[in-house]
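Spelled out from the first residue to the last, the chains are:
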Amino acid sequence: MNSKPDYEAEKEKKLTITNRFGDSLENYEVSNESEHKTHVYPKKIPNRKNGILKNTDANHSAVDNQHLEDVDLADILGTNWPKRAGPAAMILNNKSKTDLSNSEDLILKPASPILKIEPEEPLRFTIADYQPLIEIPGTELAIGSLVEVSNPGLCEDLYGVVRWIGIPPGPQKNVLVGIEVEDESNLKNVVASDGRHNGVRLFTCHDGRAIFVPANRCTADRRFADVDNTISANRVSSNHAKKFGVAECPAIYGSIPPLEIHNSDELASICGKFKGIQGHHNSCYLDATLFSMFTFTSVFDSILYRRPGPQDIRNYSEVQKVLRDEIVNPLRKNVFVRSDRVMKLRELLDQLSSVSGLTCEEKDPEEFLNSLLSQIMRVEPFLKLSSGQDSYFYQLFVEKDEKLTLPSVQQLFEQSFHSSDIKLKEVPSCFIIQMPRFGKNYKMYPRILPSQVLDVTDIIENSPRQCSLCGKLAEYECRDCFGSLQAGSGLECTAFCPKCLKTFHSHIKRTNHVSKKIYSPKEFKIMAEHMVVPRLYMELFAVVCIETSHYVAFVKSGSGPDAPWCFFDSMADRKGEQNGYNIPEITCVPELTQWLSEEGARSINETSTNDKVLPEHAKRIFCDAYMCLYQSTDIMMYH
């Protein structure tokens, strides 16, 4: 009988293997090369030192059994390792036959001298792998909906806004919902992101505010449920009293005129706490603006009643009804609007306009006005500029004059129009002016006096103007004469009749001035000999102020110089902490009319040079003015 060749016997070696690590087979190559050594060639060699695994290059020298003692191959390779591993696969996969932890003499005969298994690449997804949806199937919840999330054991009272809905990649086609949470402090043991899922950006928000949950964990936010359901009226009423402090805030239909206030006593009767619009979750920018726009004036009422046209968006009527029936009418009739009513408007604006974050983030009044007036309600712009541009508000751009310690809005207004060399094509019904400040902190002037009356005569294109010297009809304008007559004089001193123009420009300092002809209608030229050229004025009716990112408003409760003023703060007080509610308040400010007069403003400015010693409301209106709203009672009747 022939004996087995030496080279065949050389292939069969005894290999002692016991348990230490547990790395997969794909990291190793195994071969027998000598009688006393088993060489393991790792693609990535795991070294454990002091409990820490370290990887080294595959180019390192072979590691013998003296360095890999007591290694269990079953733990390294896993139980279902490939069949091509040879006889050892059969042994390792049959636990009943062999207990590898106790095995000492395992004969390994590999099918080939070297066994190689390449590692699998990790799965990488892109936005194309996600299937987006508009709404959660079978529910009324859609992108932009306010929801509460049930997640037992991890968090409680978790509320937010739906930012993304869709089906993620994978074999299970379950609907996933991306939510921007209202308050990240409520997240406990929940993985949050900035809108990314598996490294793919599905929406954008602040880091730590985005969570992704199954659709069945989302329900409509009960805090903003409609209370019109009569079956559950008592239960819902009790719940809203707990959530918002006041249970009743019914929708009011029809046409409700602005409040008519004739004196301070009548104003005092509607002041107090739980008056005005209740603030909720950074809504002060919107609360202060809406209160200014609709409580005591009808200058914006065309927004409430214009019928939808072919150019309007599909949701035009829905937004209009929420604004009119659930906010403006209750405000005018009951002097109170609960925050869930306003949240309906915020939710619609957030869904329908390009301005994101209107339901939860800090915003500015102009962002809200742009969303409501321009993008959704398609309101005709109030300002039509000679440059061909239209706008809803006007930002004052001026160079600081160090000689002005308390500039008025009138002075800054004329300086801004003069430097930009533009005019208005017509007198607007409403003029919203933003103060010369940038961001929430930088103010060009520490104090500004809101002018009670705004003279717009000299900024209206082709409007009759008076000669600054004789008072007759002006036929020429000289921009170089701006401020030349007296300190503080503005656009009024740039208009001249032919005779005064020649006389005034004969001075050696003004010989280089360039004037241009002013257009005046022929009919008016005939009448001008027998009448005084009228001037055009607009009346201040509200001032929106900001301090440390919080907006409040001073609002005039009627028309005319003697109408009393009030102060409104949608978050004047608060009941409870995280799950509490804000308390809005309206306060009478009888001194404001005196403070806004030139004499009163000069007196208070000279006697109180330090802002800290100013009366509270005086400090707010002089130091914190952000936006002044003017109206023309004559023009607004035609809009």
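Everything here concerns the structure above.
Residues numbered from 1 in each chain as written. Predicted model: local features only at pLDDT ≥ 70, side-chain atom pairs only at ≥ 80, totals over all residues. Heavy atoms only, no water.

As a further point, take the side chain of Gln 434. Along the chain, Gln 434 turns up in strand 21 (residues 430-434). Here Gln 434 is in contact with Glu 366, Phe 393, Tyr 394, Gln 395, Leu 396, Tyr 626 and Met 627, once residues within four sequence places are set aside. (Helix = DSSP H or I, 4+ residues; strand = E, 2+ residues; numbered from the N terminus. Contact = heavy atoms within 4.5 Å.)

Moving on, we get to the packing of aromatic side chains. Taken as a whole and judged by the stated rule, the model has 16 aromatic pairs. Geometrically, the ring pair formed by Phe 382 and Tyr 392 is edge-to-face, given 5.8 Å between the ring centres and 90 degrees between the ring planes. Of this pair, Phe 382 sits in the loop between helix 10 (365-376) and strand 18 (383-384) while Tyr 392 sits in the loop between strand 19 (390-391) and strand 20 (394-395), and the two are 10 residues apart along the sequence. A ring pair is formed by Tyr 394 and Phe 417, whose centres lie 4.5 Å apart and whose planes are at 25 degrees; its orientation type is stacked. Taken together, the residues span a long stretch of sequence, with Tyr 394 in strand 20 and Phe 417 in helix 11 (residues 409-420) at a distance of 23 residues. Taken individually, Tyr 394 and Phe 417 each receive the classification buried, so the pair is uniform in this respect. The residue whose ring lies beneath Lys 400 is Tyr 445, and the NZ or CZ to ring-centre distance is 5.9 Å. If you follow Arg 510 out to its NZ or CZ, it ends over the ring of Phe 504, 3.8 Å from the centre. (Phe/Tyr/Trp six-rings, centres within 6.5 Å; stacked < 30°, edge-to-face > 60°. Buried < 20%, exposed > 50% of the residue type's maximum accessible area, 1.4 Å probe, protein only. Lys NZ or Arg CZ within 6 Å of the ring centre and 35° of its normal.)

Bringing the packing of helix 9 (residues 339-352) against helix 10 into the picture now. Two elements in contact, helix 9 and helix 10, have axes separated by 10 Å at closest approach and are oriented at 65 degrees. In terms of axis orientation, helix 9 runs roughly perpendicular to helix 10. Taken as a pair, helix 9 and helix 10 cross one another with a handedness that is left-handed. Of the residues in helix 10, those in contact with Leu 348, Leu 349 and Leu 352 of helix 9 are Phe 368, Ser 371, Leu 372 and Ile 376. (Axes fitted to C-alpha atoms, helices over the stretch in contact; angles between N-to-C directions. Parallel < 35°, antiparallel > 145°, perpendicular 65-115°, else oblique. Left-handed = near helix turned anticlockwise from the far one by under 90°.)

Judged by pairing direction, the sheet is antiparallel, and its three strands sit side by side in the order 26-25-27 without closing on themselves. With partners counted over all chains shown, the strands left at the sheet margins are strand 26 (495-496) and strand 27 (516-517), one partner each. As defined by bridge partners, strand 25 (residues 476-477) adjoins strand 26 across two bridges and the pair is classed as antiparallel. When the bridges of strand 26 are listed, Tyr 476 appears paired with Phe 496. (Pairing = 2+ DSSP bridges.)

In this section: the pattern of salt bridges. The final tally for this structure, using the stated rule, is 25 salt bridges. The salt bridge involving Arg 163 is made with Asp 350; its shortest N-O contact spans 2.8 Å. Note that Arg 163 is positioned in strand 9 (residues 158-167) and Asp 350 in helix 9, a separation of 187 residues in sequence. Residue classification places Arg 163 among the buried positions, given a relative accessible area of 16%. Residues joined by salt bridges that share partners form a network here, namely Lys 423, Asp 455, Asp 458, Arg 465, Glu 477 and Arg 535. (Salt bridge = Lys/Arg side-chain N within 4 Å of Asp/Glu carboxyl O.)

Overall, the coordinates contain zero disulfides when judged by the stated rule. Counting only cysteine sulfurs, Cys 271 is the nearest neighbor of Cys 566, a cysteine outside any disulfide, at a range of 5.9 Å. For Cys 566, a relative accessible area of 0% gives the class buried. Cys 628 forms no disulfide, and the closest cysteine sulfur to it belongs to Cys 545, at a distance of 7.8 Å. For Cys 628, a relative accessible area of 0% gives the class buried. (Disulfide = S-S within 2.5 Å.)

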